[in-house]
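Now for the letters of each chain:
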Amino acid sequence: MSDTTIIQIALKTMVVALELSAPILATALVIGFAVSLFQSMTQIQEFTLSFVPKVIGIGAALLFTGNWMLHTLMSFTQNLFDMVPGMLS
């Protein structure tokens with residue numbers, strides 16, 4: 001196993017992790033910004049106000065993108081396991 005193989009696997013792992021976390025993080029970012037904008041416009045400074053919309057939004061994001069996320073993770077894992085015999089020889 002060479003250094004370039006390890007670096008390629010690590011790079012692919014980081015890309016897959018970024019792809020899988022992007023829908024959840026983007027949803028939380030958009031909802032957090034919208035709630036913060038609402039709080040600043042109405043001067044309601046309740047810390048727990050952003051929790052419920054974020055939980056609902058992230059749940060919806062997981063519901064809509066969960067199948068794609070699972071498929072991506074399974075194909076990455078399958079490709080990684082397929083590469084193991086070639087790396088050992």
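Thresholds, definitions, all that
- Residues numbered from 1 in each chain as written.
- Predicted model: local features only at pLDDT ≥ 70, side-chain atom pairs only at ≥ 80, totals over all residues.
- Heavy atoms only, no water.
- Helix = DSSP H or I, 4+ residues; strand = E, 2+ residues; numbered from the N terminus.
- Buried < 20%, exposed > 50% of the residue type's maximum accessible area, 1.4 Å probe, protein only.
- Areas by Shrake-Rupley, 256 points an atom, 1.4 Å probe, with all protein chains shown as cover.
- Contact = heavy atoms within 4.5 Å.
- Expected span 1.5 Å × (residues − 1).
- Bend = angle between axes of the 7 residues up to and from the residue.
- Patch = residues over 30% accessible without salt bridge, like charges linked within 9 Å, V, L, I, M, F, W, Y side chains within 5 Å.
- Salt bridge = Lys/Arg side-chain N within 4 Å of Asp/Glu carboxyl O.
- Axes fitted to C-alpha atoms, helices over the stretch in contact; angles between N-to-C directions.
- Parallel < 35°, antiparallel > 145°, perpendicular 65-115°, else oblique.
- Nonpolar A, V, L, I, M, F, W, Y, C, P; charged D, E, K, R; others polar.

Asker: Even after reading the chapter, I still don't get the overall build of the chain, so can you show me in this structure?
Answerer: The secondary structure content of the chain amounts to two helices and zero strands. For the C-alpha atoms alone, the extent of the chain along its principal axes is close to 65 × 25 × 15 Å. Per-residue burial for the chain yields a buried fraction of 20% across its 89 residues. About 6800 Å² of surface is accessible on the chain, with carbon and sulfur atoms providing 75% of the total.

Asker: Help me understand the environment of G57 in this model?
Answerer: With respect to the element layout, G57 can be found in helix 2 (residues 51-88). Owing to a relative accessible area of 13%, G57 belongs among the buried residues under this scheme. The contacts of G57, once residues within four sequence positions are left out, are T27 and I31.

Asker: Teacher, can you tell me more about helix 1 (residues 3-42) here?
Answerer: Over its 40 residues, helix 1 extends 56 Å from the first C-alpha to the last, a length consistent with the 58 Å expected when each residue adds 1.5 Å. The sharpest bend along helix 1 measures roughly 40° and falls at A22, with the proline P23 sitting one to four residues further on. If you check which residues of helix 1 are buried, you get T5, I9, V16, L20, P23, T27, A28, I31, G32, V35 and Q39. Looking at the buried residues of helix 1, the elements they touch are helix 2. Within two residues after helix 1, Q43 carries a phi angle of roughly 60°, on the positive side.

Asker: What is the right way to look at a nonpolar patch on the surface in this model?
Answerer: Where nonpolar side chains cluster on the molecular surface, the patch consists of F51, V52, V55 and I56 and spans about 410 Å² of accessible area. Mapped onto the secondary structure, F51 falls in helix 2. Here F51 falls in the exposed class, since its relative accessible area comes to 57%.

Asker: Could you clarify how one ought to interpret the environment of F38 in this entry?
Answerer: Among the structural elements, F38 can be located in helix 1. The class for F38 is partly exposed, based on a relative accessible area of 41%. Separated by 16 residues in sequence, F38 and K54 place their C-alpha atoms 14 Å apart. Non-local contacts of F38, meaning those with residues more than four positions away in its chain, are made with I44 and L49.

Asker: What should I look at first to understand the environment of I44 in this one?
Answerer: Relative to the elements of secondary structure, I44 occurs in the loop between helix 1 and helix 2. With a relative accessible area of 38%, I44 lands in the partly exposed category. Once residues within four sequence positions are removed from consideration, I44 is found in contact with F38 and Q39.

Asker: Where do I start with the packing of helix 1 against helix 2 in this structure?
Answerer: Helix packing geometry: the angle between the two helix axes and the distance between the axes. At their nearest, the axes of helix 1 and helix 2 sit 10 Å apart, and the two run at 175° to each other. Classified by the angle between their axes, helix 1 and helix 2 sit roughly antiparallel to one another. Its residues placed into classes, the contact of helix 1 with helix 2 shows 19 nonpolar, seven polar and three charged.

Fair warning: the whole summary comes from geometry, so function is off the table for now.
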